[in-house]
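Architecture and fold: a report
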Amino acid sequence: MKTIEVDDELYRYIASHTQHIGESASDILRRMLKFTAGQTPATPASTGQTAATAAPAPEAKPVNKARDRVRAVRELLLSDEYAEQKKAVNRFMMVLSTLYTLDAHAFGEATESLHGRTRVYFAGNEQTLLQNGNQTKPKHVPGTPYWVITNTNTGRKCSMIEHIMQSMQFPAELIEKVCGTI
């Protein structure tokens, strides 16, 4: 991978086009430029076409979604935003939001079976969580329709993340790494 320097204004412009937490600058630029992996850039002179008549870029080929999901989680862990979080609950919420973004259906299935002896951990609204436990401190998971209890200890938060990631079939070493950062 090569490194390029861009001025602050251009960097902010690229970053403003982020669609999900942990999306890399390369991914953003590829999307904006409609440039797919392995594609060689063609100049209008080399193709015999002018810029106005150039053929549209081919649709991206299906890629290995499992690898992309792993990459997205790793990028989250390496992101400045994640590193700046001082509280475990904030890192917990960022991981949950990212997992939902990667596969909302699998996330929903994983959270359905996730509960304690007397508590419900995830729900579609705050009231359900308040009814199923005292002092649950429910918070809305950003970018999702879910609410989660947040007054559990860090170990319980890690157990919840571990359960969801296992259900979503992430590799064990990545699950361990994520839980180690919460």
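For the chain, an unreviewed UniProt entry supplies the name Negative modulator of initiation of replication and the organism Buttiauxella agrestis ATCC 33320.

Moving on to the overall build of the chain. Helix and strand counts for the chain stand at ten helices and three strands. What you see in the chain, going N to C, is helices and strands ordered as α-α-α-α-α-α-α-β-α-β-β-α-α. By the burial criterion, 34% of the 182 residues in the chain qualify as buried. Restricting the contact set of the chain to residue pairs at least 6 apart, pairs at least 24 apart contribute 53%. About 12000 Å² of surface is accessible on the chain, with carbon and sulfur atoms providing 52% of the total.

Judged by pairing direction, the sheet is antiparallel, and its three strands sit side by side in the order E1-E3-E2 without closing on themselves. At either margin of the open sheet sits one strand with a lone partner, and together these are strand E1 (122-123) and strand E2 (138-140).

Within the secondary structure, Asn151 is located in the loop between strand E3 (147-149) and helix H9 (154-167). Residue classification places Asn151 among the partly exposed residues on the basis of a relative accessible area of 27%. The sequence separation of Asn151 and Lys139 amounts to twelve residues, and the corresponding C-alpha distance is 9.8 Å. If sequence neighbours within four positions are ignored, Asn151 has contacts with Arg119, Asn134, Gln135, Thr136 and Lys137.

The subject of this paragraph is the packing of aromatic side chains. Inspection of every chain in the model, using the stated rule, returns four aromatic pairs. With a centroid separation of 5.7 Å and an interplanar angle of 90°, the aromatic rings of Tyr100 and Phe107 are classed as edge-to-face. The burial state of Tyr100 is the same as that of Phe107; both residues are buried. Where Phe107 meets Phe122, the ring centres are 6.0 Å apart and the plane angle is 90°; that geometry is what we call edge-to-face. With Phe107 in helix H7 (residues 104-112) and Phe122 in strand E1, this residue pair connects regions lying 15 residues apart in the sequence. Assigned by exposure class, Phe107 and Phe122 land together as buried. An aromatic cluster is built from Tyr100, Phe107, Phe122 and Tyr146, whose rings are joined through pairwise contacts. Here Arg69 stacks its cationic end above the ring of Phe170, 4.5 Å away from the centre of that ring.

What counts as what
- Throughout this description, residue numbers start from 1 for each chain and increase along the sequence as written.
- A pLDDT threshold of at least 70 governs which residues receive local features in this predicted model, and a stricter bar of 80 or more applies before side-chain atom pairs are shown or counted, although totals over entire chains, interfaces and linings include all residues.
- Only heavy atoms go into the side-chain values, all of them from the structure, while hydrogens and water stay out.
- A run of DSSP states H or I qualifies as a helix once it reaches four residues; a run of E qualifies as a strand once it reaches two. Both are numbered from the N-terminal end.
- Relative accessibility under 20% of the residue-type maximum defines a buried residue, over 50% an exposed one, and the middle range a partly exposed one, all with a 1.4 Å probe and only protein chains included.
- Residue contacts are defined here by distance: any two heavy atoms, one from each residue, within 4.5 Å place the two residues in contact.
- Only the protein chains shown count as covering a residue, and every accessible area follows the Shrake-Rupley method with a 1.4 Å probe.
- For two strands to count as paired, DSSP must find a minimum of two bridges between them.
- Pairing of aromatic rings covers Phe, Tyr and the six-membered ring of Trp, with a centre-to-centre limit of 6.5 Å; geometry is then stacked below 30 degrees between planes, edge-to-face above 60, and tilted otherwise.
- Comment: the charge-over-ring label is applied if NZ (Lys) or CZ (Arg) is within 6 Å of the ring centre and within 35 degrees of the ring normal.

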